[in-house]
Amino acid sequence: MRCAQCGHQNRRQDKTCARCGAGLKPARLSRGMRLVHAGIWVLAGLITLIVLSLLIYRVYFWVAAWKTDHYYERTGRLEPSVEQVTLDNGLAAHSITFFGNDGDHIFLEELRQSYQITGGLARIDIPDSNWFSANPVDVEGAIVTLTPVLYTEGNDRRELPVLTMEIEAPRSPLTLINPSGDFAHVNTSTYLLSFRVVPGSQVLVGNDDVTDVVNFEGLAEVNIDIFPQGDNPVSILVSTPNHKQTRQEINLYRPYQEINLEPSLSVATKTNLKGVRITGSMDPQAVFSVDTPHDPESVKVDEKGNFSFTAMMSTIGDNTVTFRASQEGKTDSVVSITVYYVPSLNAYSRSAWKMDYPALSAYYETWMGRVFLCDGIVTAVWTDEDEEQTVVIDVSGEGEEAQNVVLTNLSSVGTPQIGARYKAYADVIGHEYYDTKDCPKLVARYMILQSEPAQS
């Protein structure tokens, strides 16, 4: 520090001049330097304030996020369930079920919709197509994030944990009705192709646009010409907005015929009558004959080749009716059709035997096709992958050991109620292992509800 009296340069820490002894005073900063120093202090204060604010912000939102992530754990509430479903209109969708108190609401920001909790839950069905563009040709899927918010009756707001779903780009719904699969054996020159799509879809059968035949329920019916050439391939292409296209290939097989022979489209495939009238047409030069049980007096053929006869149903259930046209020098044309025969309830029930469970269990092999009355409580119902429904009825008396009969349900009853009492008229087809025992197996053609399940 320089002395103001003698000009001697002293050390910074000296209080008096080493040469003249005069007191030393710090040099006074200029106005500019004072402003610089003040600015540095202000800047340091601002930086400190910003760092503290960011720290408080991070801590606040970290705590809030922790509370959100552990919401269900802390409150003891059930986490939302997510499952993939098919809606009544055939659309693929994801169903989300939120659990909470009646009167509360769940708000989904992404859908801009609020859903009230009733009966302890709110179920939300969201079509998968909602998350895709009008024509998602090259899109395989999407990751969807939902941010639910809970609003209580007291108008408290609580952000719930984020939901994340992986969703595949949906394909245009198409359900075949006739045929039910991708192959059918056809005996006629015309086939009624029927299927169901989502209303508003564009539909092509082969190269023909048949969109205009789709009704308001999505049902489409199209007549297809079938030729006796073996394979008759048919292609269905469906384009539904916000879905990928669906293409279904079907083979309608009509055997090769040298001699024209085909039944009428009006021929019944189900009947309650013992005799069924079969009509059709053939080459007038051919000779007509019937291979399966029929009334010989009923066979008629006119000069134009129109034929008719009465086929006799020999078994309960499916009966095969076979007839042919023959001509010298040509291969016979043979047609077989299946007719499902069940007598009326009045006739069928009159032939039913009273249940004798020990005898039925012992002699089912010799009693194949015999009709029994199965009167008891339904104890089990299930449907296999072929959509065949099985019903187990306990036909034992009160206080007796269980006597289970296994029934294939072909009655008009959709799904019998477990615990209810039914009368089932059924014919014997064999046996099946159930509940550690070998049980008689029958086909139930008619089922009648006797009483509802007992109230517990």
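For the structure given in this document, a descriptive report is provided here. (Residues numbered from 1 in each chain as written. Predicted model: local features only at pLDDT ≥ 70, side-chain atom pairs only at ≥ 80, totals over all residues. Heavy atoms only, no water.)

## Focus: the overall build of the chain
Of regular secondary structure, the chain possesses 4 helices and 30 strands. A globule of 456 residues ought to have a C-alpha radius of gyration of about 23 Å, yet the chain, at 42 Å, is considerably larger. Seen through its principal axes, the chain has C-alpha atoms that stretch 155 × 65 × 35 Å. Looking at the chain as a whole, 37% of its 456 residues qualify as buried. Partitioning the intrachain contacts of the chain with sequence separation of at least 6 by distance along the chain shows that 55% fall at a separation of at least 24. Surface accessibility of the chain: about 27,500 Å² in total, with carbon and sulfur atoms responsible for 51%. (Helix = DSSP H or I, 4+ residues; strand = E, 2+ residues; numbered from the N terminus. Rg over C-alpha atoms; globule rule 2.2 N^0.38 Å. Buried < 20%, exposed > 50% of the residue type's maximum accessible area, 1.4 Å probe, protein only. Contact = heavy atoms within 4.5 Å. Areas by Shrake-Rupley, 256 points an atom, 1.4 Å probe, with all protein chains shown as cover.)

## Here's the deal with the environment of Ala 268
By the element assignment, Ala 268 lies in the loop between strand 18 (261-263) and strand 19 (270-271). What makes Ala 268 partly exposed here is its relative accessible area of 32%.

## Points about the side chain of Lys 244
Looking at where Lys 244 falls in the secondary structure, it is placed in the loop between strand 16 (233-239) and strand 17 (246-253). At 3.0 Å, the side chain of Lys 244 forms a polar contact with the backbone oxygen of Val 139. (Polar contact = N/O pair within 3.5 Å; in protein donor to acceptor, adjacent residues only side chain to side chain.)

## Structural notes on the nonpolar core
Core analysis: the largest hydrophobic core is formed by 26 residues, its most contacted members being Ile 393, Val 405, Leu 407, Leu 442 and Met 447. For this core, the secondary structure elements donating two or more residues are helix 4 (357-363), strand 26 (371-383), strand 27 (389-394), strand 28 (404-409), strand 29 (421-434) and strand 30 (437-451). Ignoring any residue separated from it by four or fewer positions in sequence, one finds Leu 407 in contact with Cys 374, Gln 389, Thr 390, Val 391, Ile 393, Ala 424, Ala 426, Leu 442 and Ala 444. (Core = buried A, V, L, I, M, F, W, Y, C linked by side-chain atoms within 4.5 Å.)

## Regarding the pairing of strand 2 (residues 92-99)
Most of strand 2 sits out of view: 6 of its 8 residues are buried. Taken together, the 6 bridges between strand 1 (residues 81-86) and strand 2 define a ladder with antiparallel strand orientation. Its bridge partner being in strand 2, Val 85 is matched across the sheet by Ala 93. Remark: 5 residues form the turn of the hairpin made by strand 1 and strand 2, two consecutive strands paired antiparallel; Gly 90 in that turn has positive phi of roughly 90 degrees. The pairing of strand 2 with strand 5 (residues 121-127) spans 7 bridges and is antiparallel. Of the residues in strand 5, the one forming a bridge with Ala 93 is Pro 127. (Pairing = 2+ DSSP bridges.)

## Here we look at the pattern of salt bridges
Counted under the stated rule, the structure contains 12 salt bridges. Members of the salt-bridge network, linked through shared partners, are Glu 83, Arg 123 and Asp 125. (Salt bridge = Lys/Arg side-chain N within 4 Å of Asp/Glu carboxyl O.)

## Some details on unusual backbone geometry
Comment: phi is negative for the bulk of residues other than glycine, and the bulk of peptide bonds are trans. At the junction of Asn 178 and Pro 179, the peptide bond is cis and its omega measures out at 5 degrees in the coordinates. Relative to the helices and strands, Pro 179 resides in the loop between strand 10 (174-178) and strand 11 (183-185). The phi dihedral of Asp 435 is positive, around 50 degrees, even though this residue is not glycine. With respect to the secondary-structure elements, Asp 435 resides in the loop between strand 29 and strand 30. With a phi close to 70 degrees, Thr 436 is a non-glycine residue in the positive phi region. With respect to the helices and strands, the residue Thr 436 is situated in the loop between strand 29 and strand 30.

## Side note on the packing of aromatic side chains
Tallying each qualifying case throughout the model produces 12 aromatic pairs. Centroid distance Phe 288 to Phe 307: 4.4 Å. Interplanar angle 20 degrees. Geometry classified as stacked. Taken together, the residues Phe 288 in strand 21 (residues 287-290) and Phe 307 in strand 23 (residues 306-312) connect sequence positions 19 residues apart. Residue class for Phe 288 comes out buried when judged on its relative accessible area of 12%. Among the residues examined, Phe 307 registers a relative accessible area of 2% and is labelled buried. Consider the rings of Trp 382 and Tyr 434, whose centres lie 6.0 Å apart with planes at 20 degrees: the pair is stacked. Of this pair, Trp 382 sits in strand 26 while Tyr 434 sits in strand 29, and the two are 52 residues apart along the sequence. The class for Trp 382 is partly exposed, based on a relative accessible area of 32%. Here a set of aromatic residues connected by ring pairs shows up, and it is made of Phe 288, Phe 307, Phe 309 and Phe 323. The ring of Trp 353 has Arg 370 sitting right over it, with the charged end atom 3.7 Å from the ring centre. (Phe/Tyr/Trp six-rings, centres within 6.5 Å; stacked < 30°, edge-to-face > 60°. Lys NZ or Arg CZ within 6 Å of the ring centre and 35° of its normal.)

These figures come from the coordinates and say nothing about function on their own.
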